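Coordinate analysis (summary)
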Amino acid sequence: MIELEEAQDHVLERVSPLPPVEVPLSEASGLVLAADVLAGESVPPFANTAMDGFAVVAADTVGAPVELEVIATIAAGSSRLPVVGRGQAARIMTGAPMPPGADAVVMVERTTYDPSASRVEIEVEVPVGNSVREAGEDVMPGDLVFAKGTLLRPGHVGVLASIGVTTPLAHPRPRVGVVSTGDELVDGGGPLRPGQIRDSNRLTLLGLVRDSGFEGVDLGLVPDSEQAITEAFRAGAQSCDAIISSGGVSMGAFDYVKVVLDRIADMRWMQIAIKPAKPFAFGLMGSTPFFGLPGNPVSSMVSFELFARPALRKMAGHSRLHRPMLPATTTSLLAHGDDGKTHFVRMAGGPDDNGRWIVASAGGQGSHQLTAMARADALAVLPPGVSVEAGGECRIIPLI
Ligand code: AMP
Ligand code: MG
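What comes next concerns the included structure. No experiment lies behind these values; they were computed from the predicted model shown.

1. Focus on the overall build of the chain
- Looking only at helices and strands, the chain features seven helices and 27 strands.
- For the chain, the C-alpha radius of gyration of 31 Å lies well beyond 21 Å, the compact-globule estimate for 400 residues.
- Looking at the 400 residues of the chain, the share that counts as buried comes to 48%.
- Sequence separation of 24 or more characterises 70% of the internal contacts of the chain that already satisfy a separation of 6 or more.

So, in structure tokens, the structure goes:
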């Protein structure tokens, strides 16, 4: 058996960020920038008013209340601007450009407008620049807006839109093929023949892939046959950036996944000192990373979390690869004999009002008992031989 960190490092050393592409801005949220973004224009692009009100010469408001002549109305988007002279004002709407001559805005609530006389009474004295948003207050041309490596969230996309960037250079979302292997597996809801079970891993793993921000590609259900496995894996490597299989990587007599991968890929077969998810295989088919996850449903999910997700995040250009670990209080006794393995215990719970996680066992902890994994909000990490009393502190990896 090898240590968890050795297996994780092995995988991470062998995957690289996908080559950057120019992506349409509408699809950029969730991707990682592959180049610095420098602003080519200012935001706002011109001085404009932050309020609906009247654009004035600030000096005219000294000694308010004062009455001014209203010479025009300026809407947002307007390009024909009057020159505002001494004793004059222009009605102006939020976002409209400041007219030349005016240097301040008085909000409409502090004015009384008489349209028939084209006059406005200004109730307050305002300083130069009052309620004016100057050009470039948010972004100036040449500013480093976002650095390479930034994860683009919706706000970032908004800023890029505001400076006219339409196709940022980013690492694409890895396309991840997911395939199930096993003669006992069937799809769908029909009756089960003796010995058959339903394929659950494929949908689960496709869901994990998508929830992690990657593109999931369903490569189907493949029987335990060398030829079928070879064809499915080859086709997957053609169309995907990475492949995830489940099943067939342990010590069984019909584990043809092993036979096939040893022929068509450069694989390392690992037994890792963890429970669940001890068997795991990783390698490259040509240049396509291949993750051979164990077949037991809980093991395949834990294996995805510990090995595939961090590696796929690296391919997507992320720098933070692993989920954070947090301290938590367990209300269940977490006990296990010292089998030399780190145990990942399925726990339900969440943060209390102080933000402290409180967790309890999510149910049956067998690697075939998917229900507890489905209900789990976190995995408690118990190093070899470590037990925790009910009410004691443990370390957890939140999954939500
Ligand atoms: P294997 O790794 O192929 O020896 O499979 C280990 C266990 O996981 C066996 O009980 C399989 O029936 C089960 N298993 C394998 N693949 C799947 C799957 N896609 N969905 C549900 N159970 C599976
Ligand atoms: Mg099998």
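2. Notes on the pattern of salt bridges
- Under the defined criterion, the tally for this structure stands at twelve salt bridges.
- Notably, a salt bridge pairs Arg14 with Glu13, separated by 3.7 Å at the nearest N-O pair.
- According to the relative accessible area criterion, Glu13 is exposed, its value standing at 62%.
- With its nearest N and O atoms 2.8 Å apart, the salt bridge here joins Asp60 to Arg86. Of this pair, Asp60 sits in the loop between strand 5 (53-56) and strand 6 (66-74) while Arg86 sits in the loop between strand 6 and strand 7 (88-92), and the two are 26 residues apart along the sequence.
- Here Asp60 falls in the buried class, since its relative accessible area comes to 13%.
- The structure contains a network of salt bridges with shared partners spanning Asp187, Asp199, Arg202 and Asp218.

3. Comments concerning the pairing of strand 24 (residues 342-351)
- Most of strand 24 sits inside the fold, with seven of its ten residues counted as buried.
- Two elements, strand 20 (residues 274-275) and strand 24, share two bridges in a ladder whose sense is parallel. Looking across to strand 24, one finds that Lys275 is bridged to His343.
- Pairing analysis gives five bridges linking strand 24 to strand 25 (residues 357-361), with the strands arranged antiparallel. Opposite Pro351, over in strand 25, you have Trp357 as the bridge partner.
- What sits between strand 24 and strand 25 in their antiparallel hairpin is a turn of five residues, with Gly355 showing a positive phi close to 85 degrees.

Parameters and conventions
Residues numbered from 1 in each chain as written. Chains lettered and ligands numbered in written order. Predicted model: local features only at pLDDT ≥ 70, side-chain atom pairs only at ≥ 80, totals over all residues. Heavy atoms only, no water. Helix = DSSP H or I, 4+ residues; strand = E, 2+ residues; numbered from the N terminus. Rg over C-alpha atoms; globule rule 2.2 N^0.38 Å. Buried < 20%, exposed > 50% of the residue type's maximum accessible area, 1.4 Å probe, protein only. Contact = heavy atoms within 4.5 Å. Salt bridge = Lys/Arg side-chain N within 4 Å of Asp/Glu carboxyl O. Pairing = 2+ DSSP bridges.

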